[in-house]
Amino acid sequence: YVTAMDNANKDGVEISPEDTAKKVGAALEFGLKFGMGEKKYKFGLAHDAMREPFDYYAWGCDFFRPAMNMKQSVFLGEDNLKKAMEQLEAGENVVFLANHQSEADPQVVSIAFEEMGFAQLGADLRYVAGHKVTTDALAIPFSMGRNLLCIHSKKHINADPETKGEKSKQNMMTMSSMLDKLKVGGTALWVAPSGGRDRRDVETKEVPLAKFDQKTVDMFRLMGSKSKKPTHFYPMAMVSYELCPPPDTIEAGVGEQRNVRYVPIGVSVGKEVENTGGKESRHLFTDHAMEAVEEDYQTLLKSIEEKAGEQ
């Protein structure tokens, strides 16, 4: 993180060594206070962002913002985001189906939405979060500043057979809580249907997108239908891997090594996914959403590369 801030400073970002030290110190202080020991913060099924008396949402954004090379970052889909906002204001629901690359993705989304003129939506968005961001000591303070629905992802639910039943029960309770929010309407959700972060191909060094899980997408479509409120699905492509790369292999435990870098980011919100595919061909909806994210992801990579070449 210190190196990332030094590189940012060299690129014209106003961040002093003192500011960097304060940011790192606060992250460690919060991690020790809320992430360990008897006072470790416990998340419920649905967690509302803690904004007072201390604003953990703003703090998390301010922590990662200087590490984002905004000169070379690319944000696309403002018109689609505007349409989604209008649907939310009309009491309808919106679900963003996204790929997931970095532990800092919530902050990436917030800053992207700010840049496109939708800062409030960035703050209101509720994330479907796996167990790591609610149990890892360093992740907990950042998660405290986010609206969450807490689940156990398919990739980790089978790690401990003895607790699988309990985890499955918690997931069902979380889905029930989500349905309650969808029934009210005006709810915006972010979910990574792949169940985890995209991983680097160690041979090619490229970062292919993890495929969307059809059953996960089907579940969210079912919840939207059960809510009796119009529910809209938008594909969201994200380029954030280099900001805080995950391990090359999936680890069931917590405490992974972090390596924050000063890099450009990219977010693209695609057009609403058409409601195609009945019971016999429901895979078409997932396929279309995945294809849209894949296409927009490549567009982001190319645009970021072109921006870098211009400077």
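Computed from a predicted model, the values in this text were never measured in an experiment.

A. Representation of the pairing of strand 8 (residues 266–269) in the model. Every second residue of strand 8 is oriented toward a common face, with Gly-266 and Ser-268 on one face and Val-267 and Val-269 on the other, all of them buried. Across three bridges, the pairing between strand 2 (residues 74–76) and strand 8 is parallel. Its bridge partner being in strand 8, Val-74 is matched across the sheet by Gly-266. As defined by bridge partners, strand 7 (residues 231–239) adjoins strand 8 across four bridges and the pair is classed as antiparallel. Paired with Met-238 across the bridge in strand 8 is Val-267.

B. Structural context of the packing of helix 11 (residues 214–226) against helix 12 (residues 283–310). For the pair helix 11 and helix 12, the least separation of the axes is 9 Å and the interaxial angle reads 105°. In terms of orientation, helix 11 and helix 12 fall into the roughly perpendicular class. Contact residues: helix 11 offers Gln-214, Val-217, Asp-218 and Arg-221, while helix 12 offers His-283, Phe-285 and Thr-286. Classifying every residue of the contact of helix 11 with helix 12 by side-chain character gives two nonpolar, three polar and two charged.

C. Seen up close, helix 12. For helix 12, built from 28 residues, the straight-helix expectation of 40 Å at 1.5 Å per residue is met to within 8% by its first-to-last C-alpha distance of 41 Å. Of all the residues in helix 12, the buried ones are Phe-285, Thr-286, Ala-289, Met-290, Val-293, Asp-296, Tyr-297, Leu-300, Ser-303 and Ile-304. Turning to helix 12, the residues buried within the fold contact strand 2, strand 3 (93–98), helix 11, strand 7 and strand 8.

D. Local environment of unusual backbone geometry. Geometrically, the link from Glu-52 to Pro-53 is a cis peptide bond, its omega value of -5° lying close to zero. Its location among the elements puts Pro-53 in the loop between strand 1 (46–47) and helix 3 (56–64). Despite not being glycine, Lys-205 shows a phi value in the positive range, around 70°. Structurally, the position occupied by Lys-205 is in the loop between strand 6 (188–191) and helix 11. On the basis of relative accessibility, which here comes to 53%, the residue Lys-205 falls in the exposed class. Notably, Lys-228 is not glycine yet its phi reads approximately 65°, a positive angle. Structurally, Lys-228 is set in the loop between helix 11 and strand 7. Judged by its relative accessible area of 73%, Lys-228 falls in the exposed class.

E. Region of interest: the packing of aromatic side chains. Inspection of every chain in the model, using the stated rule, returns 17 aromatic pairs. Judged by centre distance (5.4 Å) and plane angle (45°), the rings of Tyr-127 and Trp-190 are tilted. Placement of the pair is Tyr-127 in strand 4 (residues 126–129) and Trp-190 in strand 6, with a sequence separation of 63 residues. Judged on exposure class, the residue Tyr-127 and its partner Trp-190 are both buried. Of the aromatic side chains, those joined through ring pairs into one cluster are Tyr-1, Phe-30, Phe-34, Phe-54, Tyr-56, Trp-59, Phe-63, Phe-64 and Phe-142. Cation over ring: Arg-221 sits above Phe-285, and NZ or CZ is 3.9 Å from the ring centre.

F. The arrangement of the sheet that holds strand 1 in detail. Pairing is mixed in the open sheet, where eight strands are placed in the order 1-5-4-6-3-7-8-2. Each edge of the open sheet carries a strand with a single partner, namely strand 1 and strand 2. Of the strand pairs in this sheet, strand 4 and strand 5 (residues 147–150) are connected by four bridges, and their pairing is parallel. Across the sheet, residue Val-128 finds its bridge partner in strand 5, namely Leu-149. Across the face of the sheet, helix 5 (residues 105–115) comes into contact with strand 2, strand 3, strand 4, strand 6, strand 7 and strand 8 while running at roughly 105° to strand 7.

Scoring rules and cut-offs
- Residues numbered from 1 in each chain as written.
- Predicted model: local features only at pLDDT ≥ 70, side-chain atom pairs only at ≥ 80, totals over all residues.
- Heavy atoms only, no water.
- Buried < 20%, exposed > 50% of the residue type's maximum accessible area, 1.4 Å probe, protein only.
- Helix = DSSP H or I, 4+ residues; strand = E, 2+ residues; numbered from the N terminus.
- Pairing = 2+ DSSP bridges.
- Axes fitted to C-alpha atoms, helices over the stretch in contact; angles between N-to-C directions.
- Parallel < 35°, antiparallel > 145°, perpendicular 65-115°, else oblique.
- Contact = heavy atoms within 4.5 Å.
- Nonpolar A, V, L, I, M, F, W, Y, C, P; charged D, E, K, R; others polar.
- Expected span 1.5 Å × (residues − 1).
- Phe/Tyr/Trp six-rings, centres within 6.5 Å; stacked < 30°, edge-to-face > 60°.
- Lys NZ or Arg CZ within 6 Å of the ring centre and 35° of its normal.

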